[in-house]
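Observations on the model geometry
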Amino acid sequence: MLGLALEPFGWHPAAFAEVGADPQEATSAEHWVGLARSAEAAAADFVTFEDSFSLTARDRLSGRFDATLLAARVAPAVPRIGLVPTVTATHTEPFHASKAIATLDYVSGGRAGVLPATTGAAADAALFGRKEVQDAASRAAEAREYIEVLRDLWDSWEDEAIVKDVATGRYVDRDRLHYIDFQGENFSVKGPSITPRPPQGQPPVLVRVTDAESESVAVGADLAIVPAAPDEELAETARRLRGAGVPLVLVDVTVHLADSERTALRRIEKLDHREPADDDTQVFAGTGKALARTVSGWQSLGFDGARLRPGVNAVDLPRLRAAFAPLLPGAPREGTLREILGLAPAVNRFAAVKGA
């Protein structure tokens, strides 16, 4: 299983300078459609779109789109891969996120997912002014509730809720709409959603695991993304997540590809000389064949594959397509994102309880 994490010019903060690109390109839809098409050609199963309230070193020259709106724009142009925007759970309302992801699921024909993230930055809290900065435990608790509400709202419409009965003038069967009546520490939601149940029923939820708190959030997810680390540490993390019931686990790694490891390392050194990268995962430098062996090794540790973060899009995306994708076994999977990921069809929890 393969995911690609897209950034405007790559995950290295100096990527825009390496290729001499115009930072304004990142504000065009065509630029992002091209990135997604390159990921599709590189046999990716899904792509993720980053998002944050504050600009990072990678996008401070170009700004940043809302990830969910960006995914909705890209969706009609890429017919196969899953589209997973980041949604910041801290400070935002899950009701709005649920209908936005449901809409993306309709726009993409059932290929939407969501990657909830949290923020403890004081500058982000100041943008909203609703509450003080939360510690990691509080943010994780809020994210767990956020995911619960997303799932409840997606199920608040049963599949047969829309009846379109011309004779009686009824559009919906009110008995098939459900109030979720959620009351949490940071928000309350009555429901039901204003958007019908998405095509997948439950768009997959992805969570990036960086510490014990985010690992507790991943327990309620469909897929956990774990930063690359020494094999023994990775194997232990995979065992814990599998034991907690997480269906899918991927390794997160930034990649710089070249004809040799030495050439790739020289590229990284050149980029770092312009602006050092503060990577939050291990960095792979080498050939497509070596990367394929590395991913295979992670699979033997209990992982389902990897999410690759191209260091420089203009260099690494073509190499992923030419040197890495041909080494992957079998044809890329198609269908809804749940089908691509091998997840079972989602059962509506309200309909299941009513029929019990």
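Residues numbered from 1 in each chain as written. Predicted model: local features only at pLDDT ≥ 70, side-chain atom pairs only at ≥ 80, totals over all residues. Heavy atoms only, no water.

Right, let's talk about the pattern of salt bridges for a bit. This model, assessed by the stated rule, comprises 28 salt bridges. Its salt-bridge partner being Arg176, residue Glu158 comes within 3.1 Å of it at the nearest N-O pair. Of the two residues, Glu158 sits in the loop between helix H6 (136–155) and strand S5 (162–165) while Arg176 sits in the loop between strand S6 (170–172) and strand S7 (182–183), which places them 18 residues apart along the sequence. Judged by its relative accessible area of 4%, Glu158 is buried. Among the salt bridges present, the one from Arg176 reaches Asp173, with a minimum N-O distance of 3.4 Å. On the basis of relative accessible area, Arg176 is assigned to the partly exposed category, the value being 27%. (Salt bridge = Lys/Arg side-chain N within 4 Å of Asp/Glu carboxyl O. Helix = DSSP H or I, 4+ residues; strand = E, 2+ residues; numbered from the N terminus. Buried < 20%, exposed > 50% of the residue type's maximum accessible area, 1.4 Å probe, protein only.)

Okay, the packing of aromatic side chains next. Tallied over the full model, the rule gives four aromatic pairs. Geometrically, the ring pair formed by Trp32 and Phe49 is tilted, given 6.3 Å between the ring centres and 50 degrees between the ring planes. Here Trp32, found in helix H2 (residues 29–41), pairs with Phe49, found in strand S2 (residues 46–49); they are 17 residues apart in sequence, far enough to count as distant. Each member of the pair, Trp32 as well as Phe49, is classed as buried. Ring centres of Tyr146 and Phe187 lie 6.2 Å apart, and the angle between their planes is 85 degrees; on these two criteria the pair is classed as edge-to-face. With Tyr146 in helix H6 and Phe187 in the loop between S7 and strand S8 (188–189), this pair connects stretches of sequence that are 41 residues apart. Grouping residues by exposure puts Tyr146 and Phe187 together as buried. The positively charged end of Arg309 is found above the aromatic ring belonging to Trp11, 4.1 Å away from the centroid. (Phe/Tyr/Trp six-rings, centres within 6.5 Å; stacked < 30°, edge-to-face > 60°. Lys NZ or Arg CZ within 6 Å of the ring centre and 35° of its normal.)

Turning to helix H11 (residues 313–324), a few remarks are in order. If you check H11, its first and last C-alpha atoms are just 15 Å apart, much less than what twelve residues at 1.5 Å a residue would give, namely 16 Å. Buried-residue contacts for H11 involve strand S1 (2–6), H2, strand S11 (248–257), helix H9 (261–274), helix H10 (288–300) and strand S13 (305–310). (Expected span 1.5 Å × (residues − 1). Contact = heavy atoms within 4.5 Å.)

What follows covers the UniProt feature "binding site: FMN" (unreviewed entry) in the protein chain. The feature "binding site: FMN" (unreviewed entry), as given by UniProt, occupies Asp51 and Thr86 in the numbering adopted here. Spanning 36 residues, the named residues nonetheless gather at one spot, since no C-alpha pair among them exceeds 5.5 Å. Structurally, Asp51 can be placed in the loop between S2 and helix H3 (67–74). Those residues in contact with Asp51 that sit more than four places away from it in its chain are Arg64, Phe65, Asp66, Ala67, Thr86 and Thr88. Among the polar contacts listed, one links the side chain of Asp51 to the backbone nitrogen of Ala67, at a separation of 3.0 Å. Within the fold, Thr86 resides in strand S3 (residues 82–88). (UniProt positions renumbered as here; feature names shortened; annotations may be inferred. Polar contact = N/O pair within 3.5 Å; in protein donor to acceptor, adjacent residues only side chain to side chain.)

Let's shift gears to unusual backbone geometry. Omega for the peptide link from Gly191 to Pro192 comes to -5 degrees, which places this bond in the cis form. Of note in the backbone geometry, Asp181 takes a positive phi value of approximately 50 degrees without being a glycine.

Further remarks concern the packing of H2 against H3. Viewed as axis vectors pointing N to C, H2 and H3 meet at an angle of 75 degrees, and their least axial separation amounts to 10 Å. Taken together, the axes of H2 and H3 lie roughly perpendicular to each other. For the pair formed by H2 and H3, the contact residues are Ala29, Trp32, Val33 and Ala36 on the first element and Leu70, Arg73 and Val74 on the second. When the residues that make up the contact of H2 with H3 are grouped by side-chain class, the tally is six nonpolar, no polar and one charged. (Axes fitted to C-alpha atoms, helices over the stretch in contact; angles between N-to-C directions. Parallel < 35°, antiparallel > 145°, perpendicular 65-115°, else oblique. Nonpolar A, V, L, I, M, F, W, Y, C, P; charged D, E, K, R; others polar.)

Looking now at the side chain of Thr88. Locating Thr88 in the fold gives a position in strand S3. Looking at Thr88, the relative accessible area reads 10%, which means it is buried. Residue contacts for Thr88: discarding those within four places in its chain leaves Asp51, Ser52, Phe53, Ala117, Thr118, Thr119 and Tyr146.

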